[in-house]
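Below, each chain spelled out in residue letters.
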Amino acid sequence: MTEISVIGAGGFTGQELLRILAQHPKWKVSHITSDKLAGKKLSEVFPSLPFPTDLTFHKHEDKIPKDSLVVLAVPNEASLQLTPNLLDAGHKVIDLSGVYRLHNLSEFEKTYKLKHTSFHLVEKAVFGIPEIFREELKGADFVSNPGCYSTSVILSVYLLGDLRKKLRPRIVADCKSGVSGAGGRVEDGGYPFTSVHENFRAYKVLAHQHEPEITEYCYSKLGSPFPEVLFVPHLLPVYKGILSTVYLELDEEQDQDVLQVLKKNAKGEPFLRILNTPEEVELSKVQGTNFLDIAVRQRGKNITLLAALDNLQKGAAGQAVQNINLMLGEKETLGLLP
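This write-up is about the structure you can find in this document. (Residues numbered from 1 in each chain as written. Predicted model: local features only at pLDDT ≥ 70, side-chain atom pairs only at ≥ 80, totals over all residues. Heavy atoms only, no water.)

## Quick look at the sheet that holds strand β12 (residues 272-274)
Sheet architecture is open: 7 strands sit in the order β9-β10-β8-β11-β14-β13-β12, paired in mixed fashion. A strand with exactly one partner marks an edge of an open sheet, and here the two such strands are β9 (201-202) and β12. Here strand β8 (residues 170-177) runs beside strand β10 (residues 228-235); their pairing, made up of 8 bridges, is parallel. Bridging from a neighbouring strand, K176 pairs with H234 of β10. Each of β12, β13 (292-299) and β14 (302-309) touches helix α8 (residues 258-265); the most contacted strand, β13, lies at about 155° to it. (Pairing = 2+ DSSP bridges. Helix = DSSP H or I, 4+ residues; strand = E, 2+ residues; numbered from the N terminus. Contact = heavy atoms within 4.5 Å. Axes fitted to C-alpha atoms, helices over the stretch in contact; angles between N-to-C directions.)

Printed below as a string of structure tokens:
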């Protein structure tokens with residue numbers, strides 16, 4: 001049984017990852033870290049997690065089991081520090097930060113306000129959306145897990161296939177997230193519901209770190225220039241879930257039925273569900289699952305896509321487990337579907 005080390009296990013994503021892996025038939029979590037929780041037992045911090053063996057939180061720099069696959073669920077600065085050493089030590093690594101997603105150095109440093117100290121590793125990282133990069137992920141040593149907002153928008157547009165060539169090169173993404181998708185960590189003392197109770201607001205307007213990620217990957221495997229992306233995230237008064245509305249415009253009206261295009265391109269994908277009407281797309285249908293629900297409405301030259309996912313599952317931890325399965329040669333759905 002392959003061992004997994006979760007670095008940054010005290011955060012929202014880390015907790016969700018532990019929940020999935022606690023019942024995974026193949027992978028065993030043997031090492032967890034959190035600088036703020038170091039020395040505490042897992043059962044003290046997350047008593048609901050069904051782990052057969054109690055684990056103790058270590059510090060990030062503590063020794064990691066030699067042959068374990070490492071999942072980094074840490075802030076960007078910590079990933080910059082930890083990733084090169086882990087790869088040099090021979091670990092397979094999945095990084096959930098944004099450090100190794102973008103291939104443009106100046107764009108990264110402008111977006112993340114960080115100096116990149118290991119940019120050469122970006123070329124070694126596989127972008128972790130299995131529906132796009134499945135073959136590259138099989139047996140990979142280093143995976144950069146995508147962002148939650150990014151996954152919902154990138155996959156929705158990607159499923160249009162060659163129809164993307166007929167779009168005007170502008171994507172407008174209006175996205176809403178539960179509070180766990182906007183950041184925050186369990187160690188920081190609770191969920192920030194005081195900021196969303198009886199409230200609804202936009203944040204990081206045209207300045208969110210997922211915008212250049214959407215720009216780079218929406219037209220994956222198409223060969224077209226990057227589109228202009230206008231991305232505005234909003235904070236919902238719920239714990240988790242993302243609902244994205246994506247507005248696109250064709251150069252001219254097409255005879256193609258866009259819904260049928262989506263269904264054809266998603267055929268056989270275990271975690272993509274194409275619904276018949278946009279009104280069927282709801283957070284409640286995806287919360288607690290690794291599904292991404294997508295629907296479309298077409299009117300003349302205008303295409304409106306609706307997408308919903310659980311930001312801690314398909315948007316983070318669940319997708320990471322998909323990637324672990326592929327990296328280690330197992331069935332992609334293992335531990336994620338009955």
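## Notes on the sheet that holds strand β2 (residues 27-33)
The 7 strands lie next to each other as β3-β2-β1-β4-β5-β7-β6, forming an open sheet whose pairing is parallel. Because the sheet does not close on itself, it has two edges, and the strands there are β3 (57-58) and β6 (126-127). By the bridge criterion, 3 bridges tie strand β5 (residues 93-95) to strand β7 (residues 142-144) in an arrangement that is parallel. Pairing of V93 across the sheet is with F142, part of β7. Together, β1 (2-7), β2 and β4 (69-72) form the strand contacts of helix α1 (residues 12-21), whose direction differs from that of β2 by roughly 155°. Those strands touched by helix α9 (residues 313-327) are β1, β2, β4, β5 and β7, and its axis lies near 160° from that of β5.

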